[in-house]
Amino acid sequence: MITIAVFDTKPYDRESLQHAAANTKIEWRFLDFRLTRETAPLAQGAVSVCVFVNDQVDRSCLEILAAQGVKLVALRCTGFNNVDLAAAKSLNVTVTRVPVYSPYAVAEHAVALLLTLNRKVHRAFNRVRELNFSLQGLVGFDLHGKTAGVIGTGKIGRIVAQILRGFGMRVLAFDPLPDADWAAQQGVEYVDALALAGLSDVITLHLPLTPETKHLIRRETIELMKPGAILVNVSRGALVDTTALIEALKSGKLGGVALDVYEEEEGIFFEDLSGQVLQDDELARLLTFPNVLITSHQAFLTREALSDIARTTIANLEALAGGKAYVEGSVLT
Ligand code: NAD
């Protein structure tokens, strides 16, 4: 048997991992708190830890894990900005991620947020439950004929672009590695970032968070956008400077914002804080705008995505145990 300490476990993680590991020699240690340098000692006896987007896998955490004999950090997500890869490498700890899982899950959630925000479905739902059948303040706009700007045309951004083309939108895209054939086939136009900002009624982010892309959306870049534009971010919170976002909402420069991720989401998203006083003033301010819609990092949450994630994670754990190869594209160190 090999023991895996699964940090930040939620009931759906437990279910999908246990289901996918039915005939394996994996012994799960499910822990419902996040991995940090403080909680790392609880991986004692495990050969691997399985972590998610908000676990803090920094150097000091990795040093504790390595000293306890942990050989593998298996991320059950695609992004890996929360792991110090250089430190892992120097400590001989392998880091794997799930390079591909249902990109439809994330793309469809981005579009769900856009439709909900634009047509104010969330507000209408609450009103009707209160027997308020008034339509005052619920005016949206046709997506048909409008322009969308997709930043990052990897697996997820492409699907979003294709769905938006299906609505009859003009779709502009920006990516440092453009795929001209795909764009021509789908009727998508690659443009530079400046043109995308100035022409788009809706801008949606589908690029990774790196030191270069941190605060891609900030005061100066928001200034380049069309007045009244809608911004959708289902990628990583720190792509957007929240302070600048709040300013742009207060001034009316942005017409609406839909977020599945938030710069300071760690310790907040995925938790039930309904009985507590929210300590994050910027999040509290964002929640007061009628034209802001926030979900708590749930874009990946479909049955198909969870089962893809569980299968890749288990295959990598079995590769660690020997005999099998790691899933292609998943090894980061
Ligand atoms: P991907 O690697 O397939 O595509 C990313 C694309 O971004 C690539 O084409 C790359 O060239 C492009 N890119 C890189 N730097 C850029 C820049 N400066 N400007 C524009 N484009 C740039 O990744 P993916 O699978 O499409 O995922 C995209 C992001 O979505 C991930 O990095 C992750 O942060 C996020 N994500 C969020 C959730 C969620 O539940 N909310 C789930 C999965 C992924």
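Conventions used here
Residues numbered from 1 in each chain as written. Predicted model: local features only at pLDDT ≥ 70, side-chain atom pairs only at ≥ 80, totals over all residues. Heavy atoms only, no water. Helix = DSSP H or I, 4+ residues; strand = E, 2+ residues; numbered from the N terminus. Rg over C-alpha atoms; globule rule 2.2 N^0.38 Å. Buried < 20%, exposed > 50% of the residue type's maximum accessible area, 1.4 Å probe, protein only. Lys, Arg positive; Asp, Glu negative; His and termini not counted. Charge placed at Lys NZ, Arg CZ, Asp CG, Glu CD. Pairing = 2+ DSSP bridges. Right-handed = clockwise from strand over helix to strand, strands pointing away. Contact = heavy atoms within 4.5 Å. Axes fitted to C-alpha atoms, helices over the stretch in contact; angles between N-to-C directions. Arc of directions from axis to C-beta. Near = heavy atom within 4 Å. Polar contact = N/O pair within 3.5 Å; in protein donor to acceptor, adjacent residues only side chain to side chain. Areas by Shrake-Rupley, 256 points an atom, 1.4 Å probe, with all protein chains shown as cover. Nonpolar A, V, L, I, M, F, W, Y, C, P; charged D, E, K, R; others polar. Phe/Tyr/Trp six-rings, centres within 6.5 Å; stacked < 30°, edge-to-face > 60°.

1. With respect to the overall build of the chain
Helices and strands together make up the secondary structure of the chain, namely 12 helices and 12 strands. A compact globule built from 333 residues would reach a C-alpha radius of gyration of about 20 Å, and the chain, at 21 Å, matches this within 12%. Considering only C-alpha atoms, the chain reaches an extent of 60 × 50 × 35 Å along its principal axes. A total of 333 residues make up the chain; the buried ones form 49% of that total. Within the chain, one finds 32 positive and 38 negative side-chain charges whose respective centroids are separated by 3 Å.

2. Side note on the pairing of strand 7 (residues 170-174)
As defined by bridge partners, strand 6 (residues 147-151) adjoins strand 7 across five bridges and the pair is classed as parallel. Counted as the bridge partner of Gly-149 is Leu-172 from strand 7. Taken together, strand 6, helix 6 (residues 155-166) and strand 7 constitute a β-α-β crossover, and its handedness is right-handed. In this view, the connection linking strand 7 to its parallel neighbour strand 8 (residues 188-190) by way of helix 7 (residues 180-186) has right-handed handedness.

3. Quick notes on the environment of Gln-186
Its place among the elements puts Gln-186 in helix 7. Using a relative accessible area of 25% as the deciding quantity, one classes Gln-186 as partly exposed. On a C-alpha basis, the gap between Gln-186 and Arg-165 in space is 7.7 Å, while along the polypeptide they are 21 residues apart. In contact with Gln-186, not counting residues within four places along its chain, are Gln-162 and Arg-165.

4. Details of the sheet that holds strand 8
Across the sheet, seven strands lie side by side as 8-7-6-9-10-11-12; this open sheet has parallel pairing. On the outer flanks of this sheet lie strand 8 and strand 12 (292-294), each paired with one strand and no other. The mean angle between the axes of side-by-side strands here comes to 20°, regardless of whether they run parallel or antiparallel. Pairing analysis gives five bridges linking strand 10 (residues 229-233) to strand 11 (residues 254-259), with the strands arranged parallel.

5. Regarding the side chain of His-297
Here His-297 shows up in the loop between strand 12 and helix 12 (303-321). The class of His-297 is buried, set by a relative accessible area of 8%. When sequence neighbours within four positions are dropped, the list of residues in contact with His-297 reads Val-53, Arg-236, Asp-260, Val-261, Glu-265, Phe-269 and Phe-270.

6. A short note on helix 1 (residues 11-20)
Residues of helix 1 that are buried: Asp-13, Ser-16 and Leu-17. All buried residues of helix 1 fall inside an arc of 95° around its axis, so they share one side. Exposed residues lying more than 90 degrees from the buried face of helix 1 are Pro-11, Glu-15 and His-19. Residues of helix 1 that are buried sit in contact with strand 1 (2-6), strand 2 (26-30) and helix 12.

7. Quick notes on the site of the ligand
In the region of the ligand, 23 residues are neighbours, and Tyr-101, Lys-155, Ile-156, Asp-175 and Val-234 sit closest. Measuring from a nitrogen atom of the ligand, one finds a side-chain N or O atom of Asp-260 at 3.1 Å. Within the contact set of the ligand, an oxygen atom lies 3.2 Å away from a backbone nitrogen or oxygen of Phe-300. Taken by itself the ligand offers 870 Å² of open surface, and the protein chains cover 84% of this. When the residues that make up the shell around the ligand are grouped by side-chain class, the tally is 12 nonpolar, seven polar and four charged.

8. Regarding the packing of aromatic side chains
Following the criterion strictly, the structure yields seven aromatic pairs and no others. Among the aromatic side chains, those forming a connected cluster through ring pairs are Tyr-12, Phe-52, Phe-270 and Phe-300.

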